[in-house]
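Coordinate inspection notes
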Amino acid sequence: MVLSQTLDVSALTTVASGVAVGAVAALLLQGKFRWLLAGAQLVVGAGMRDMKMVLIVRSDLEMGKNKAAALCSHAALNCYKKALSDIPDITKKWEKSGQTKVVLKTPGKDDILTLAKTAQNEGLVAVIVYDDAPQQPDTPSVLGIGPGPAKLVDKVAGHLKLF
């Protein structure tokens, strides 16, 4: 008799727990109890793109993909080093949020210089990588901006197309 009562209580507890979890999940999916999710943005997937770095390649130079990739790597590393010393809190947040990097293109030298100045005026890290190739010595080729808040980076470079 005691064994069957224990099984009944155990089964009842399991069923009740399952119903409670299902009800709370349904309410959360319907948007109820949003306050329970406050501060848990990373768990539900939102907020993963709050921080980013962009790498902007000059399209007028018509450099190969390998060359562009190498120069983008230099720009990303230099931006990261500068950000570590200048804005360590933002850099840590970027590291924890997936280290988003986006490669964009712009048509020319004047655009790179203007975008760099605009980014700096907005308080963002901006690093220009100069190509030392014999055919184009000391040519500003790639601009790195960030890491920084995605909205701020987009304010500077959001109008550019993907490379």
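A few points on the structure. (Residues numbered from 1 in each chain as written. Predicted model: local features only at pLDDT ≥ 70, side-chain atom pairs only at ≥ 80, totals over all residues. Heavy atoms only, no water.)

A look at helix H5 (residues 109-121)
In plain terms, the rule: Secondary structure elements follow DSSP: runs of H or I no shorter than four residues count as helices, runs of E no shorter than two count as strands, and numbering proceeds from the N terminus. Multiply 1.5 Å by the residue count of a helix minus one, and that product is the helix's expected span. Residue burial is assigned from relative accessible area. The probe radius is 1.4 Å, only protein chains are included, and a residue is buried under 20% of its type maximum, exposed over 50%, and partly exposed in between. Comment: arc refers to directions from the helix axis out to C-beta atoms.
Along its 13 residues, H5 runs 19 Å from first to last C-alpha, staying within 8% of the 18 Å computed at 1.5 Å per residue. Taken together, the buried positions of H5 are Ile112, Leu115, Ala116 and Ala119. All buried residues of H5 fall inside an arc of 105° around its axis, so they share one side. Seen from the buried face of H5, the exposed residues on the opposite side, beyond 90 degrees, are Asp110, Lys117 and Asn121. A positive backbone phi angle near 85° is found at Gly123, which sits one or two residues after H5.

Let's talk about the packing of aromatic side chains
To be explicit about the condition: For this analysis, a ring pair means two rings from Phe, Tyr or Trp (six-membered ring only for Trp) whose centres lie within 6.5 Å, classed as stacked if their planes differ by under 30 degrees, edge-to-face if by over 60, and tilted for the remaining angles. Here, a charge over a ring is recorded when the distance from Lys NZ or Arg CZ to the ring centre is within 6 Å and its angle to the ring normal is within 35 degrees.
Per the counting criterion, the structure on display carries 1 aromatic pair. Where Tyr80 meets Trp94, the ring centres are 6.0 Å apart and the plane angle is 45°; that geometry is what we call tilted. Taken together, the positions of Tyr80 in helix H3 (residues 65-86) and Trp94 in helix H4 (residues 88-96) put the pair 14 residues apart, joining distant regions of the chain. The exposure class assigned to Trp94 is buried, which follows from its relative accessible area of 4%. Just above the ring of Phe163 sits the side chain of Lys65; from NZ or CZ to the centre is 4.2 Å.

Some remarks on the packing of H3 against H4
When two helices pack together, their arrangement is given by the angle between the helix axes and by the axis-to-axis distance. Counted only if it meets this: Helix axes are fitted only over the stretch in contact, all axes being lines through C-alpha atoms; the angle between N-to-C directions runs from 0 to 180 degrees. Orientation labels follow simple angle bins: below 35 degrees gives roughly parallel, above 145 gives roughly antiparallel, 65 to 115 gives roughly perpendicular, and whatever is left gives oblique. Only heavy atoms enter the contact rule, under which two residues are in contact if any of them lie within 4.5 Å. Under the scheme applied here, ten amino acids are nonpolar (Ala, Val, Leu, Ile, Met, Phe, Trp, Tyr, Cys and Pro), four are charged (Asp, Glu, Lys and Arg), and all others, including Gly, are polar.
At their nearest, the axes of H3 and H4 sit 6 Å apart, and the two run at 125° to each other. In terms of orientation, H3 and H4 fall into the oblique class. Residues Tyr80, Ala83, Leu84, Ser85 and Asp86 of H3 pack against Pro88, Thr91, Trp94 and Glu95 of H4. The residue makeup of the contact of H3 with H4, split by class, is 5 nonpolar, 2 polar and 2 charged.

Remarks on the pairing of strand E2 (residues 101-106)
Two faces belong to every sheet, and in a regular strand the side chains alternate between them. The condition is simple: Should DSSP find at least two bridges between two strands, the strands are taken to pair.
Here strand E1 (residues 51-58) pairs with E2 via 6 bridges, running parallel. If you follow Arg58 over to E2, its bridge partner there is Thr106. Inspection of the sheet shows E2 paired to strand E5 (residues 161-162) by 2 bridges, in the antiparallel sense. Within E5, the position partnered with Leu104 by the bridge is Leu162.

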